Amino acid sequence: MENKHLLDFQNVFYTYDEEDKDSFAVKDISFTVDKGEYVVILGHNGSGKSTIAKLSNSIFVPSEGKVFVDGMDTADEKNEFKIREKVGVVFQNPDNQIVASIVEEDVAFGPENLGIPPKTIRERVDNALKAVGMYDYRLHETHRLSGGQKQRVAIAGMIAMLPECIVFDEPTAMLDPRGRREVINTARKLNSEGMSIVLITHFMEEAVFADKVIVVDGGRILAEGTPREIFSKTEMLISCGLDVPDTVKLSLLLKEKGVPIEGLPLTEEELTEEYLRILNL
Amino acid sequence: MIKDITLGQFFPGSSFIHKLDPRAKIVITLCFIVALFLCKNFFSLGLLFVSALVAIALSKISFKVILKGLKMIVILVVFTGILQIVYNDEGTVLWKPFEQFGFQITTGGVFSAVFIIVRIIALILFSSLLTYTTSPTALADAIERLLSPLKIFKVNVNSLSMMMTIALRFIPTLIEEIDIIMSAQKARGADLETGTLTQRAKALVPVFIPLIVSSFRRAYELAFAMECRCYTGDNKRTRMKEMKLGIRDYIAFGVLLLLVAVVVYTSFFNTFSFFIFQQVI
Ligand SMILES: Nc1ncnc2c1ncn2[C@@H]1O[C@H](COP(=O)(O)OP(=O)(O)O)[C@@H](O)[C@H]1O
Ligand SMILES: [Mg+2]
């Protein structure tokens, strides 16, 4: 039997301008996301990240190439609902994806569109709100929440659709550090419970936990690999306007000065451990 | 200051009034308003006023909130009262401050001023209770259901209700945005508070242009977010909260019917000669 990926981009091109076929926002993109995988897409502004997000659940249909969700072609209109149930997208601006004035009513919006019986909707909404830690806020007004809380409500709105994959399009770009932590921790928790996550970001620190990192620049995939592989290519990252996490910067600097650091520590814990190992020598 | 508007706000709760079917609440509110305009004597007006107070007490909404809502109409109330005193010349003359202009204060004027003021306050109290105790989504859904007979005239009631939900949801967001833009323009030296009326109106142009531009961007992004949650515009939507008339609603209707009966009887068929039963207006 053919091995079905949850999300499968095959040589995808997309243009916003039907007249000028050469101005592709996304060019020849191919990658896959499997069940339970945590994929991070890095790229600076205008590199085509949001376009990729919208291609992943049939909001946009490729100009050329194919996108498959669990084997279903996103270009096929009759798959639309099934695809959008399977792959949810959380966008950057928390204000512009909340439809209702009350938290629980907003989370119920998706399931209500599916025509599910009220009792089932109630269960889904309660579970989704618990999953993002917003159950106690279910009767609050959405516009009074903090950015991080709004974003978690938006995530709950997706979870209530029972997706297998959630694509986050720079979910933390408009948040303060605390909101960023809330959202990233929620994403990691969902991933640990088996949900596939695609996190689009330009914060390098958010990429270190990924199973796979994809770097895009000018609409193309520039590199793909584990966080360690990607962050060791410091020059490439800098050449496409990105940066490396501070921990990586520090270890590279120490290496340059002759400190015998082995490998490439990514997190603060890893760096501390490595440093302690060296000191014990 | 623009944020202090409490009118149209919703205060979640689980009181008798909160639990009434939103359709029942809308119909009852409309009937109450009609009764207020039918009533012609202090007895029935007082009865309606007291019922409004009882309804507020039942809703458990804090009295502070109610008073805050009333503050906004103080000017309207005072102005209407003064007009009544000035223009009503019936009854016995109480005082003639400017005799040469033919200006006099009469009992008729005072009674009708008091009558109209009480009437306006009762109107505001009762109708704001509707929005205080009903979530905007529930309100929109109820209006959708009440208007559903219009479907035979090909009116798209579902879309109307969705528009209302979104409009109500975005009012606070846009108000906040106006505040931000105004501050930003003031920081650039814009003078929004002095000058003639036309000057001030012109000064508002740089506030509204950015607001309109950003509203379009919000709409564009919200459309994607709604699509991601399987909204198509012609879904057969179900609701998490089913609307069902219950014993509470029948009780409320019963009380309303009684009130209306008393108002109509005392205002149109009364044979009493006590003061409070006499027709004031
Ligand atoms: N609605 C649009 N109409 C036309 N061009 C667009 C639109 N949205 C994005 N683009 C163009 O597509 C390219 C990729 O944009 P986008 O996917 O939003 O990048 P990113 O999310 O990485 O910032 C950019 O060059 C941008 O100018
Ligand atoms: Mg983007």
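Residues numbered from 1 in each chain as written. Chains lettered and ligands numbered in written order. Predicted model: local features only at pLDDT ≥ 70, side-chain atom pairs only at ≥ 80, totals over all residues. Heavy atoms only, no water.

Asker: Account for unusual backbone geometry, with residues named and values stated.
Answerer: Residues and elements named next belong to chain A. Even without being glycine, Asn11 reaches a positive phi, approximately 45°. Within the secondary structure, Asn11 sits in strand β1 (residues 7-15). If you check the backbone angles, Asp70 has positive phi at about 50° while not being a glycine. With respect to the secondary-structure elements, Asp70 resides in the loop between β4 (64-69) and β5 (72-73). When its relative accessible area of 18% is taken as the criterion, Asp70 is described as buried. (Helix = DSSP H or I, 4+ residues; strand = E, 2+ residues; numbered from the N terminus. Buried < 20%, exposed > 50% of the residue type's maximum accessible area, 1.4 Å probe, protein only.)

Asker: Just give me the short version of the layout of surface pockets, but keep the residues and values in it.
Answerer: Taken as a whole, the largest pocket spans an internal volume of roughly 850 Å³. Along its surface, the largest pocket is lined by 40 residues, and Glu105 of chain A together with His18, Ser135, Ala138 and Lys241 of chain B are the ones closest to its centre. At the level of elements, α3 (103-113) of chain A together with α1 (16-19), α2 (22-38), α7 (136-147), α8 (157-187) and α11 (247-268) of chain B are the ones that each hand at least two residues to the lining of the largest pocket. Considered class by class, the residues forming the lining of the largest pocket number 15 nonpolar, 10 polar and 15 charged. Shared between two domains, the lining of the largest pocket takes at least three residues from each, and those domains are domain 1 (1-134 + 245-281) and domain 2 (170-241) of chain B. (1 Å grid on protein atoms, 1.4 Å probe; cavity = no way out; pocket = protein on both sides within 12 Å on 5 of 7 lines; lining within 4 Å. Points joined across faces, edges and corners; volume = space filled by probe spheres on them. Nonpolar A, V, L, I, M, F, W, Y, C, P; charged D, E, K, R; others polar. Domains from an automatic or database assignment.)

Asker: Run through the nonpolar core, naming residues and quoting values.
Answerer: Residues and elements named next belong to chain A. With 55 residues, the main nonpolar core has Ile155, Ile166, Val215 and Phe231 as its most contacted residues. Counting residues per element, this core draws most heavily on helix α5 (residues 147-159), at six residues. Sequence-distant contacts of Ile155, defined by excluding residues within four places in its chain, comprise Val90, Val132, Ile166, Phe168, Val183, Thr186 and Leu190. (Core = buried A, V, L, I, M, F, W, Y, C linked by side-chain atoms within 4.5 Å. Contact = heavy atoms within 4.5 Å.)

Asker: Report on the confidence of the model for chain B, specifying residues and quantitative values.
Answerer: All names here are of chain B. When pLDDT is averaged along chain B, the result is 86, and 91% of the positions lie at 70 or above. Confidence, read as mean pLDDT per element, is least for strand β1 (residues 93-98) in chain B (71) and greatest for α2 (94). Predicted complex, confidence summary: ipTM 0.89, pTM 0.85. (pLDDT = per-residue confidence, 0-100.)

Asker: Before we move on, can you summarise the site of ligand 1 with the specific residues and values?
Answerer: Around ligand 1 lies a shell formed by Tyr16, Ala25, His44, Asn45, Gly46, Ser47, Gly48, Lys49, Ser50 and Thr51 of chain A together with Tyr220 of chain B. Note that an oxygen atom of ligand 1 is positioned 2.4 Å from one of the side-chain N or O atoms of Thr51 of chain A. Expressed as a share of its isolated accessible area of 550 Å², the protein-covered part of ligand 1 is 59%. The biggest single contributor to the shell around ligand 1 is helix α1 (residues 49-55) of chain A, with three residues. (Near = heavy atom within 4 Å. Polar contact = N/O pair within 3.5 Å; in protein donor to acceptor, adjacent residues only side chain to side chain. Areas by Shrake-Rupley, 256 points an atom, 1.4 Å probe, with all protein chains shown as cover.)

Asker: Got a sec to walk through the pairing of strand β10 (residues 220-225) of chain A? Specific residues and values, please.
Answerer: Residues and elements named next belong to chain A. Judged from the five bridges that link them, strand β9 (residues 212-217) and β10 form a sheet pairing that is antiparallel. The residue of β10 that forms the bridge with Asp217 is Arg220. The turn joining β9 and β10, which pair antiparallel and follow one another in sequence, is formed by two residues; a positive phi near 55° is taken by Gly218. (Pairing = 2+ DSSP bridges.)

Asker: Describe empty space enclosed by the protein, listing the residues and the values that go with them.
Answerer: Under the defined criterion, the tally for this structure stands at two cavities of 30 Å³ or more. Computed from the structure, the largest cavity encloses a volume of approximately 50 Å³. Lining the largest cavity are Val89, Val90, Phe91, Gln97, Ala154 and Met158 of chain A together with Ala225, Cys228 and Arg229 of chain B. For the lining of the largest cavity, the secondary-structure elements that each account for two or more residues are β6 (87-90) and α5 of chain A together with α10 (205-228) of chain B. The residue makeup of the lining of the largest cavity, split by class, is seven nonpolar, one polar and one charged. The calculated volume of the second largest cavity comes to roughly 40 Å³. If you go around the second largest cavity, the residues you meet are Leu7, Phe9, Phe31, Ile41, Ile52, Ala53, Ser56, Val167, Val198 and Ile200 of chain A. Contributing elements (two or more residues each) for the lining of the second largest cavity: β1, α1 and β8 (196-201) of chain A. When grouped by side-chain class, the residues that make up the lining of the second largest cavity number nine nonpolar, one polar and no charged.

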